[in-house]
Amino acid sequence: MSAETVAIIDYGSGNLHSAAKAFERAAREAGLDATRIVLTDEAETVAKADRVVLPGVGAYADCRRGLDAVPGMVEAMTHAAKVRARPFLGICVGMQLLATRGLEYDTTPGLGWIPGDVGPIRPHDPALKVPHMGWNTLEVDRDHALLAEIPTGADGLHAYFVHSFALSPERPDDRVAHSDYGGVVTAMVARDNVAGTQFHPEKSQRLGLALLANFLRWRP
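Remember, it's a predicted structure, so these values are computed and weren't measured experimentally.

The rules behind each value
Residues numbered from 1 in each chain as written. Predicted model: local features only at pLDDT ≥ 70, side-chain atom pairs only at ≥ 80, totals over all residues. Heavy atoms only, no water. 1 Å grid on protein atoms, 1.4 Å probe; cavity = no way out; pocket = protein on both sides within 12 Å on 5 of 7 lines; lining within 4 Å. Points joined across faces, edges and corners; volume = space filled by probe spheres on them. Helix = DSSP H or I, 4+ residues; strand = E, 2+ residues; numbered from the N terminus. Nonpolar A, V, L, I, M, F, W, Y, C, P; charged D, E, K, R; others polar. Pairing = 2+ DSSP bridges. Contact = heavy atoms within 4.5 Å. Axes fitted to C-alpha atoms, helices over the stretch in contact; angles between N-to-C directions. Expected span 1.5 Å × (residues − 1). Buried < 20%, exposed > 50% of the residue type's maximum accessible area, 1.4 Å probe, protein only. Salt bridge = Lys/Arg side-chain N within 4 Å of Asp/Glu carboxyl O. UniProt positions renumbered as here; feature names shortened; annotations may be inferred.

Chemist: Can you walk me through the layout of surface pockets in this structure?
Modeler: Here the idea is plain: a probe the size of a water molecule rolls over the atoms and shows the empty space left. Here the largest pocket is characterised by a volume of approximately 240 Å³. What lines the largest pocket is a set of 19 residues, among which Pro 120, Ile 121, Ala 166, Ser 168 and Val 184 lie closest to the centre. When contributions to the lining of the largest pocket are tallied by element, the ones reaching two or more residues are strand 7 (116–120), strand 11 (165–169) and strand 13 (184–191). Partitioning the lining of the largest pocket into residue classes produces 10 nonpolar, six polar and three charged. What the second largest pocket holds in volume is close to 180 Å³. For the lining of the second largest pocket, the elements supplying multiple residues, two or more each, are helix 1 (16–29) and helix 6 (205–217). Tallied by class, residues from the lining of the second largest pocket come to six nonpolar, one polar and four charged.

Right, dumping it as structure tokens:
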């Protein structure tokens, strides 16, 4: 990790500084180098980074427009993730942007890295309110390095969610974990070197710090 750069993409969306601080803390607690975690809106920095993080908060279409507005950024992300096969993590709407399209009000194209649609949450229990906001445990659908050594299931650690829309992957194997909120809600997806969390690791205390440390060590 001492020579690696972790680029957190700044495109005007997401809890950027809290995400950066959480990565720095996770790195320190794991005995890794926290000095090369950078917030950046420069496509060249992202293209050359060893690890890339795409945060996102707000409406899907707004986040996609914000990303497209940064010159060369989508191309740089694609180069890092798809050509250089660098570890890539999307957070909240950053994860949703990995999908084929978002169906929030209008249809908005996503990156298509994790095929599927992002649609509204519809709990079976009418007493459950949308947005889905608060703390939930994770139910693991398949093993993944980012969840290594993290207690999950009914007695596991809790993750913090705040969202009204969720990704439904076309391929069941792309879903790593889900939460129960009046039905199955995708909590984490992954394919090859690309992963995403619907919950906010930077707000998820022990679970979040452990996941971020796992990401910093991840060698897909």
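Moving on from the coordinates now.
Chemist: Teacher, can you tell me more about the sheet that holds strand 13 here?
Modeler: The strands that make up a sheet pair up through hydrogen bonds in the backbone, lying either parallel or antiparallel. The eight strands are arranged 2-1-3-4-14-13-12-9 in an open sheet whose pairing can be described as mixed. Across the chains shown, the open sheet's two edge strands, defined by having one partner strand only, are strand 2 (37–40) and strand 9 (139–140). Pairing of strand 9 with strand 12 (residues 175–180) involves two bridges; the strand directions are antiparallel. Its bridge partner lying in strand 12, Glu 139 is registered against His 178. Here helix 1 sits on the sheet and contacts strand 1 (6–9), strand 2, strand 3 (51–54) and strand 4 (88–91); the angle it forms with strand 2, its principal contact strand, is near 165°.

Chemist: Is there a simple way to think about helix 6 in this case?
Modeler: Within an α-helix, residues lying three or four positions from one another point in the same direction, as the helix has 3.6 residues per turn. Here helix 6 is 13 residues long and its end C-alpha atoms lie 19 Å apart, about the 18 Å a rise of 1.5 Å per residue gives. Buried within helix 6 are the following residues: Leu 207, Gly 208, Leu 209, Leu 211, Leu 212, Ala 213, Asn 214, Phe 215 and Leu 216.

Chemist: In this structure, what is going on with empty space enclosed by the protein? I would like to understand it.
Modeler: Evaluation of the coordinates by the stated rule reveals one cavity of 30 Å³ or more. The volume enclosed by the largest cavity comes to roughly 30 Å³. Around the largest cavity sit Gly 14, Asn 15, Ala 19, Pro 55, Gly 56, Val 57, Ile 91, His 200 and Glu 202, which together line it. Among the residues forming the lining of the largest cavity, the class breakdown is four nonpolar, four polar and one charged.

Chemist: Sorry if this is basic, but what is going on with the pattern of salt bridges here?
Modeler: Where charged atoms from two side chains of opposite charge approach closely, those side chains can pair. Scanning all chains against the criterion turns up 11 salt bridges. A salt bridge links Glu 44 to Lys 48, with the nearest nitrogen and oxygen atoms 2.9 Å apart. One end of the pair is Glu 44 and the other is Lys 48, both in helix 2 (residues 43–48) and four residues apart, which spans about a single turn. Lys 48 shares its class with Glu 44; the two are exposed.

Chemist: What exactly am I supposed to notice about the sheet that holds strand 5 (residues 101–102) here?
Modeler: Read from one edge of the open sheet, four strands run 6-5-7-11, paired in mixed fashion. Each edge of the open sheet carries a strand with a single partner, namely strand 6 (108–109) and strand 11. Bridge count between strand 5 and strand 6: two bridges; the pairing is antiparallel. Bridged to Arg 101 within strand 6 is Pro 109.

Chemist: Even after reading the chapter, I still don't get the UniProt feature "domain: Glutamine amidotransferase" (unreviewed entry) in the protein chain, so can you show me in this structure?
Modeler: Within this structure's numbering, the places UniProt gives as "domain: Glutamine amidotransferase" (unreviewed entry) are residues 9–216. From the first C-alpha to the last, residues 9–216 spans 16 Å; its make-up is 27% helix and 28% strand.

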